[in-house]
Amino acid sequence: MTDSFSILPRDRIETVEGFGGADRATGYLYRPSTVDGIRDVFDIARAHHVPVAPRGAGRSYGDAAYLAEAIALDLTRLKRILDWDPLTGIITLEPGATVRDLWQYVIGDGWLPPVVSGTMYPTIGGALAMNIHGKNHFKQGTLGEHTLSFDILLPATGEVVTCTPENENRDLFYAAIGGFGVLGVFTKIVLQMMPVSSGLLHVRQFAAKNLAEMFSVTDERIARGADYAVGWIDTFASGDDLGRGLVQDAIFFAPGEDPNPAQSLRVERQDLGDTVFGLVPKSTLWRLLKPWVNDTGMRLLSALRYNAGAFSSGKAVVDTFAGANFLLDYVPNWKRAYGDGGLIQYQTQIPKETALKAFREQIRLCHKHRLFPYLSVFKRHRADNFLMSYATDGYSLALDFKVTASNRDRLWQLAADLDAVTIAAGGRHYFAKDSTLHPSRITAFLAEERVARFIAMKHRTDPENLLQTDLWRRLFGGSLSC
Ligand SMILES: Cc1cc2nc3c(=O)[nH]c(=O)nc-3n(C[C@H](O)[C@H](O)[C@H](O)COP(=O)(O)OP(=O)(O)OC[C@H]3O[C@@H](n4cnc5c(N)ncnc54)[C@H](O)[C@@H]3O)c2cc1C
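Residues numbered from 1 in each chain as written. Predicted model: local features only at pLDDT ≥ 70, side-chain atom pairs only at ≥ 80, totals over all residues. Heavy atoms only, no water.

1. Some details on helix α13 (residues 408–424)
Then step 1. Between the first and last C-alpha of α13 there are 25 Å, a value that for 17 residues agrees with the 24 Å anticipated at 1.5 Å per step.
Then step 2. Among the residues making up α13, those that are buried are Leu411, Leu414, Ala415, Ala416, Leu418, Asp419, Val421 and Thr422.
Then step 3. On its buried face, α13 is in contact with β18 (343–351), α12 (355–369), β20 (394–402) and β21 (428–429).
Then step 4. Phi turns positive one or two residues past the end of α13, at glycine 426, with a value near 75 degrees. (Helix = DSSP H or I, 4+ residues; strand = E, 2+ residues; numbered from the N terminus. Expected span 1.5 Å × (residues − 1). Buried < 20%, exposed > 50% of the residue type's maximum accessible area, 1.4 Å probe, protein only. Contact = heavy atoms within 4.5 Å.)

Here it is as structure tokens:
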């Protein structure tokens, strides 16, 4: 902390972190509840020469939503649903409304968000700033593709401008979605929901004996009409079993199939529940998990999970929309089981032509470095037109690593080696998950011309560089000065 770190009221000083908790930053926390309140924060920041880091629910894994010795602009109090039309499925909301607020609001009218993350706690503003995808990316694309318009407050002028994908400020529409919060602050978002005739889905799990099967089983499930598909990989397995895992697909009930849709579309029927078998409170589960979160424990649990899944491979069960989508909300606070050092996630997307070879190489690199991911998730994706897009017509592998004081340097070295594979394979990085990317590798995957257009847009919307985060400084630092 520098000497200048007391220029704003001391009672504003707070430490915030990303979801992974591997790094954190101390700054001044402001939580305005109106657009004028955000403007006031900009004025305070200017008057004191302090940058502003926009922040939603802090569910990005790394350093995307904070900056040390800056103002953390927490937008979670701007959370009103401003308009909802149950006939068209068009909803207008403030950016601090969460994915949970959204699906719970619309489901009773037979609509659902077409894109949700693996947890329901991100805000819609934060989700749009990262342009999130779900387990149906191959089918529905990203959240930005269902955004009809947004209003964004620009630091340059203090104006709120409306952007649409067709005419109004089209270039800003495609740059700010996925623009990780440094071009302006979303103040209002209009989304198109998707109609559903039931809140239930048929869910099945299939064993994949190795990485090649992980690809082929996923592709087959999608070809057979899966609405959602996601793979879990046992990254401890090696040799012929390397990349083995389980693929889960989910298909919405067909119209007329649900005998009582009015019930399954009730929020109460979608609840994930607070207890296991009605006995053990889920809030305590992370404590039971903690002794297992090490190489030996996770190797054992992964083998058990794979074998149990393989045993029941192909068996169909009925699950709810919430149950099938928010798999990472089943165990509240699970990340605490990783201990004080927290975790990082390494997620990249690789084109379909090169992905199998690249992921095989990346899992082997983890083995070589003796750094094993404790959770590994595999998905199919499609490309889009957003300026800073992470999406490819390909596949992603997301690897969660426990961070400790003794493995931190080795982990960052491993990430650099994984990056080399990603870039050689023509892959891309996802900033919502990133903690380790080095700026020298940005243009290798985003192309110089895209980065130049983004920086030009930043000059237009925020020439003073008021909006900054650690991620922006780490990856684009020096592009503009505050
Ligand atoms: C358990 C878990 C599972 C996840 N699963 C998925 C998944 O399946 N798919 C996926 O795509 N992502 C997933 N994520 C990532 C998560 O959806 C994104 O990181 C999302 O951006 C988090 O939203 P947030 O509200 O927490 O935003 P934060 O993390 O607080 O901020 C994210 C970015 O948005 C900016 N921002 C926030 N609010 C605004 C605003 N109003 N205007 C402008 N910029 C703003 C911030 O500056 C920052 O750059 C997952 C995260 C977790 C923890």
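2. Digging into the domain arrangement of the chain
Then step 1. Partitioning the chain into domains gives domain 1 (10–75 + 455–476), domain 2 (81–195) and domain 3 (200–437).
Then step 2. Taking only C-alpha atoms, the centre of domain 1 and the centre of domain 3 are 30 Å apart.
Then step 3. On the domain 3 side, the residues contacting the 17 residues of domain 1 number 20 residues.
Then step 4. Buried surface at the junction of domain 1 and domain 3, both sides included, amounts to about 1300 Å², of which 55% is carbon and sulfur.
Then step 5. For the domain 1 face of the interface with domain 3, the top three residues by lost area are Phe19, Ala22 and Tyr61, together amounting to 43%.
Then step 6. Scanning the region where domain 1 abuts domain 3 turns up two salt bridges. (Domains from an automatic or database assignment. Buried area = accessible area lost by both parts, 1.4 Å probe. Salt bridge = Lys/Arg side-chain N within 4 Å of Asp/Glu carboxyl O.)

3. Topic: the nonpolar core
Then step 1. Ranked by size, the top nonpolar core spans 73 residues in total, and within it Phe150, Phe180, Phe431 and Phe476 carry the most contacts.
Then step 2. Apart from the residues lying within four places of it in its own chain, the contact partners of phenylalanine 180 are Ala129, Met130, Met388, Phe431, Phe454, Leu471, Trp472 and Phe476.
Then step 3. Within the second largest apolar cluster, 32 residues are counted, among which are Leu242, Val247, Ile350 and Leu371. (Core = buried A, V, L, I, M, F, W, Y, C linked by side-chain atoms within 4.5 Å.)

4. A look at the environment of threonine 119
Then step 1. Among the secondary structure elements, threonine 119 is positioned in the loop between β7 (111–112) and α3 (124–130).
Then step 2. When sequence neighbours within four positions are dropped, the list of residues in contact with threonine 119 reads Arg59, Phe326 and Asp329.
Then step 3. A polar side-chain atom of threonine 119 sits 3.3 Å from the main-chain amide nitrogen of tyrosine 121. (Polar contact = N/O pair within 3.5 Å; in protein donor to acceptor, adjacent residues only side chain to side chain.)

5. Notes on helix α15 (residues 448–461)
The α-helix advances 3.6 residues per turn, and as a result positions three or four apart in sequence lie on the same side.
Then step 1. Between the first and last C-alpha of α15 there are 20 Å, a value that for 14 residues agrees with the 20 Å anticipated at 1.5 Å per step.
Then step 2. Taken together, the buried positions of α15 are Arg450, Val451, Phe454, Ile455, Met457, Lys458 and Thr461. Within α15, the buried residues cover an arc of 155 degrees as seen down the axis, which keeps them to one side.
Then step 3. Close packing links the buried residues of α15 with α5 (170–176), β21, α14 (442–446) and α16 (470–476). (Arc of directions from axis to C-beta.)

6. Considering the pattern of salt bridges
Then step 1. Taken as a whole, this structure holds 25 salt bridges when the rule is applied.
Then step 2. In this structure, arginine 31 and aspartate 74 form a salt bridge, with 3.3 Å as the shortest nitrogen-oxygen distance. Linking arginine 31 in the loop between β2 (24–30) and α1 (35–48) with aspartate 74 in strand β4 (residues 71–74), this pair joins segments that are 43 residues apart in sequence.
Then step 3. Exposure remark for aspartate 74: the relative accessible area of 10% places this residue in the buried category.
Then step 4. Between aspartate 151 and lysine 188 there is a salt bridge, with the nearest N and O atoms lying 3.8 Å from each other. Of this pair, aspartate 151 sits in strand β8 (residues 147–153) while lysine 188 sits in strand β10 (residues 185–192), and the two are 37 residues apart along the sequence.
Then step 5. Within this structure, Glu220, Arg221, Arg224 and Asp249 form a network of salt bridges that share partners.

7. Digging into the site of the ligand
Then step 1. Taken together, the neighbourhood of the ligand is formed by 36 residues, with Pro54, Arg59, Thr123, His133 and Tyr430 sitting nearest.
Then step 2. For the ligand, a nitrogen atom lies 2.9 Å from a polar atom in the backbone of phenylalanine 186.
Then step 3. Lysine 379 is positioned such that a nitrogen or oxygen atom in its side chain is 3.3 Å from an oxygen atom of the ligand.
Then step 4. For the ligand, whose free accessible area comes to 970 Å², the fraction covered by protein is 99%.
Then step 5. Those elements that provide at least two residues to the shell around the ligand are β3 (52–55), α3 and β10. (Near = heavy atom within 4 Å. Areas by Shrake-Rupley, 256 points an atom, 1.4 Å probe, with all protein chains shown as cover.)

8. Considering the side chain of histidine 137
Then step 1. Turning to its location among the elements, histidine 137 is positioned in helix α4 (residues 137–140).
Then step 2. Those residues within four positions of histidine 137 in sequence are excluded, and the remaining contacts are Thr142, Gln349, Arg380, His381, Arg382, Tyr390 and Ala391.

9. Here we look at the sheet that holds β4
Then step 1. One open sheet holds the four strands; their spatial order is β1-β2-β4-β3, and the pairing between them is mixed. For this open sheet the edge positions go to β1 (13–17) and β3, each flanked by a neighbour on one side alone. Averaged over all neighbouring strand pairs, the angle between strand axes comes to 50 degrees, with direction disregarded.
Then step 2. Taken together, the three bridges between β2 and β4 define a ladder with parallel strand orientation. From the neighbouring strand, tyrosine 28 faces β4, where its bridge partner is isoleucine 71.
Then step 3. With respect to the sheet, α1 is in contact with β2, β3 and β4, its orientation differing from that of β4 by roughly 175 degrees. (Pairing = 2+ DSSP bridges. Axes fitted to C-alpha atoms, helices over the stretch in contact; angles between N-to-C directions.)

10. Section: the packing of α12 against α13
Then step 1. Where α12 contacts α13, the two axes come as close as 10 Å, and the packing angle between them is 160 degrees. Between α12 and α13, the angle falls in the class roughly antiparallel. α13 is crossed by α12, and the crossing has right-handed handedness. Along the contact surface, α12 presents Ala358, Glu361, Gln362, Leu365, Cys366 and His369, while α13 presents Arg410, Gln413, Leu414, Asp417, Leu418, Val421 and Thr422.
Then step 2. Classifying every residue of the contact of α12 with α13 gives six nonpolar, four polar and three charged. (Parallel < 35°, antiparallel > 145°, perpendicular 65-115°, else oblique. Left-handed = near helix turned anticlockwise from the far one by under 90°. Nonpolar A, V, L, I, M, F, W, Y, C, P; charged D, E, K, R; others polar.)

11. So, the environment of phenylalanine 445
Then step 1. In this fold, phenylalanine 445 is placed in helix α14.
Then step 2. Judged by its relative accessible area of 7%, phenylalanine 445 falls in the buried class.
Then step 3. Expressed as a C-alpha distance, the spacing of phenylalanine 445 and alanine 425, which sit 20 residues apart in the sequence, is 9.8 Å.
Then step 4. Dropping the residues within four chain positions of it, phenylalanine 445 is found in contact with Gly427, Arg428, His429, Phe431 and Leu437.

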